[in-house]
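# Structural characterization, general
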There are 2 protein chains.
Amino acid sequence: MRQERDLPTTSYAVLGLLTFGQELSGYELKQWADSTLRFYWTAPAMSQIYTELKRLAQRGLVLSREVGGGPGRTTTRYRVSAKGARELRRWLADSDPGFPLLKHPVALRLLLGHLLDPGQVRAMLEAYDQALAAQRRDLRAVLDGIDNDPAFEFPAHVARWGLSYYDSEEAALRQVLNALPEGSAAQSRAAQGTGQTGRSSGAGPTR
Amino acid sequence: MRQERDLPTTSYAVLGLLTFGQELSGYELKQWADSTLRFYWTAPAMSQIYTELKRLAQRGLVLSREVGGGPGRTTTRYRVSAKGARELRRWLADSDPGFPLLKHPVALRLLLGHLLDPGQVRAMLEAYDQALAAQRRDLRAVLDGIDNDPAFEFPAHVARWGLSYYDSEEAALRQVLNALPEGSAAQSRAAQGTGQTGRSSGAGPTR
DNA sequence: TGTAGCATGTAAGCCGTTACATGATTGA
DNA sequence: TCAATCATGTAACGGCTTACATGCTACA
């Protein structure tokens, strides 16, 4: 039982998707990933899904089966093997999840707000607000599709978690917008003046 | 007007850090990144900081200067050039921020909660709760270091945003814990009897 | 005297993406 | 018949990390 290093997390994520429902094709797996994983992990590219499936199959963690859909058409469907289920449980129990990693381009740009005029900052935040609402709708739809289905109890927990995250983002956004100097996003062009701040007081890294 | 493709976002992040305060060394930049960027972007490895600085210098976006600290010791300090400031503003104004990307290993594992026993799930969530509190303290300390300093108005906004995010995570976590079947994390071992895989009496580390 | 922090890099390699390539089936 | 969707892959490469390598300085 010499276990080499853990696979990348995304492998386990794909493997995990196969522990709900039945056999899935790479293509179907991608759809599932797009509608669930993408909200709190990533939506792997198609090509990566196929790569992962090949690797999982090679290690005996999934079993594949050719299914003929039409005359000249075959689809490869995958299901998790007993070994795969065991390995997944082992990984869940043994490995340290680590802290979430957030790549927030809007927060990053807000950090540099002193380089923009207030209107531009506002416009950016409002655009994010829109995107957030859209994303929230998508996730809401996902939850509606699985809520109350006992087979998807945990996915439903995660979806609700996600919704509460989006709500909090929305609230935080309002806070920032309120704290920002007035000036509508529309008059973004108005300011544009004076060169940079001269800067002074040190305040080094806090530690 | 996108002839030369944009640099990776992390380059702009590093460049952006140089628009506060004055000249910084690669080493100092790393400390800044660790205490600010890491909360909503990433804390780039040292080696990457140096790589970015080299690239930025090559394109004339930063200027470097050798500073002798002691006899045999020189430190290279960097400051943003006029061209760099222009390019940064251009990037901020022109490019689409895109939606935040969240890699949430705890949510991912919760999704697969049906593969674990309730105690294990609880234990994982409680460990995350701890980590969250620690992270929150760190960010709080950062905010305390810059709050009310007008030079860091925007970093302070971002820090407050981050704190509200951690608060919301905390709340969401409680929600999930309440919705989960009772059974304390401590009795994680108790439920183990049901038909599951071996690993009975704690001895064998499964890796 | 030794360790922690300051300071700077190179090399190898993993994870994952985009671009490219191919072809069948379904429905407007 | 044309486009969209289903379905599966390969190649190139970008971004970033880890591991390695080096050497000075302050301080306990």
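Counting from 1, residues in each chain are numbered in the order their sequence is written. Key to labels: chains lettered from A, ligands numbered from 1, both in the order written. In keeping with the model being predicted, local features are shown solely for residues with a pLDDT of at least 70 and side-chain atom pairs are shown and tallied solely at 80 or more, while totals for entire chains, interfaces and linings include all residues. Hydrogens and water molecules were not included; the side-chain quantities draw on all heavy atoms of the structure.

## Things to note about the packing of aromatic side chains
What counts as a ring pair is set by centres within 6.5 Å for rings of Phe, Tyr and Trp (its six-membered ring), and what kind of pair is set by the plane angle: stacked under 30 degrees, edge-to-face over 60, tilted for all other angles. Scanning all chains against the criterion turns up 15 aromatic pairs over all chains. Arranged with centres 5.5 Å apart and planes meeting at 70°, the rings of A:Tyr165 and B:Tyr165 form a pair that is edge-to-face. Linking A:Tyr165 in helix 7 (residues 153–179) with B:Tyr165 in helix 7 (residues 153–179), this pair reaches from one chain into another. Residue classification places B:Tyr165 among the buried positions, given a relative accessible area of 6%. Seen from their ring centres, B:Trp32 and B:Phe152 are 6.0 Å apart, and the 25° between their planes marks the pair as stacked. Here B:Trp32 is found in helix 2 (residues 26–35), whereas its partner B:Phe152 is found in the loop between helix 6 (118–146) and helix 7, with 120 residues between them in sequence. According to the relative accessible area criterion, B:Trp32 is buried, its value standing at 14%. Ring pairing ties together the aromatic residues A:Phe99, A:Tyr128, A:Trp161, A:Tyr165, A:Tyr166, B:Phe99, B:Tyr128, B:Trp161, B:Tyr165 and B:Tyr166, which thus form one cluster. Charge-over-ring placement is defined geometrically: NZ (Lys) or CZ (Arg) within 6 Å of the ring centre, and within 35 degrees of the ring normal. Across from the ring centre of B:Trp41, 4.8 Å away, lies the NZ or CZ of A:Lys103, which sits over that ring. Taking NZ or CZ as reference, B:Arg109 lies 4.0 Å from the ring centre of A:Trp91, over its face. Helix and strand definitions follow DSSP, with helices as H or I runs of at least four residues and strands as E runs of at least two, each counted in order from the N terminus. For every residue, the accessible area obtained with a 1.4 Å probe (protein chains only) is divided by the maximum for its type, and the residue is called buried under 20%, exposed over 50%, and partly exposed between those limits.

## Some points on the sheet that holds strand 3 (residues 74–80) of chain A
Note on sheets: strands pair through backbone hydrogen bonds, and any given pair is parallel or antiparallel. Residues and elements named next belong to chain A. Two strands form a pair only when DSSP identifies at least two bridges running between them. Taken together, three strands build an open sheet; the order of strands is 1-3-2 and the sheet is antiparallel. Each edge of the sheet is formed by a strand with only one pairing partner; in this case those strands are strand 1 (24–25) and strand 2 (62–68). Bridge count for strand 2 against strand 3 is seven bridges, and the pairing is antiparallel. The partner of glycine 68 across the bridge, within strand 3, is threonine 74.

## Here we look at the protein's contact with DNA strand D
Proximity is defined per residue: any heavy atom of the residue falling within 4 Å of a molecule or strand makes that residue near it. Surveying the vicinity of DNA strand D reveals 22 residues, the closest of which are A:Tyr27, A:Thr76, B:Thr10, B:Gln48 and B:Arg73. Here DNA strand D approaches the protein such that, of its atoms within 4 Å, sugar and phosphate make up 75%. Between A:Thr76 and DNA strand D, the recorded distance is 2.8 Å, taken from a backbone N or O atom to a phosphate oxygen. By the criterion applied in these results, polar contacts are pairs of N or O atoms within 3.5 Å in which, for protein atoms, one can donate a hydrogen and the other can accept it, and in which residues neighboring in sequence qualify only through two side-chain atoms. Note that a phosphate oxygen of DNA strand D is positioned 2.9 Å from one of the side-chain N or O atoms of B:Thr10. Those elements giving two or more residues to the surface near DNA strand D turn out to be helix 2 (26–35), helix 3 (46–58) and strand 3 of chain A together with helix 3 (46–58) of chain B. No other element matches the four residues that helix 3 of chain A contributes to the surface near DNA strand D. Gly falls in the polar group here, along with every residue not listed as nonpolar (Ala, Val, Leu, Ile, Met, Phe, Trp, Tyr, Cys, Pro) or charged (Asp, Glu, Lys, Arg). Residue classes in the surface near DNA strand D are distributed as eight nonpolar, ten polar and four charged.

## Examining the pattern of salt bridges
Oppositely charged side chains are able to pair whenever their charged atoms sit close together. Residue and element names in this part refer to chain A. Definition used for salt bridges: Asp or Glu carboxyl oxygen within 4 Å of a side-chain nitrogen of Lys or Arg. The final tally for this structure, using the stated rule, is 28 salt bridges over all chains. Between arginine 90 and aspartate 6 there is a salt bridge; the shortest N-O distance is 2.7 Å. Pair noted here: arginine 90 is in helix 4 (residues 82–94) and aspartate 6 is in the segment before helix 1 (9–17), with a separation of 84 residues, a long-range link. Sharing partners across several salt bridges, the network here consists of Asp6, Glu87, Arg90 and Asp94.

## Things to note about the confidence of the model for chain A
All names here are of chain A. pLDDT gives the predictor's per-residue confidence on a scale running from 0 to 100. Of all residues in chain A, 84% attain a pLDDT of 70 or more, and the chain-wide mean is 87. Within chain A, the element-level pLDDT minimum falls on strand 2, averaging 90, and the maximum on helix 5 (residues 105–111), averaging 98. Working rule for contacts: check all heavy atoms of both residues, and any pair within 4.5 Å makes them a contact. Across residues 188–207, confidence stays below pLDDT 50; counting only partners more than four residues off in sequence or on other chains, it has 28 contacts.

## Notes on the relation of the copies chain B and chain A
Each of the two chain copies goes to the other by way of a rotation about an axis and a shift along it. Least-squares superposition of the copies uses the C-alpha atoms of those residues scoring a pLDDT of at least 70 in each of them. For the pair chain B and chain A, the superposition axis carries a translation of 0.0 Å, the fit reaches an RMSD of 0.1 Å, and the rotation angle comes to 180°. The relationship between the two copies is best expressed as a two-fold rotation axis. When C-alpha positions in chain B are compared against the rotation axis, the closest is assigned to B:Leu102, at 2.4 Å. In this assembly the copies share their binding face: 81% of the residues contributing to the interface of chain B also contribute to that of chain A.

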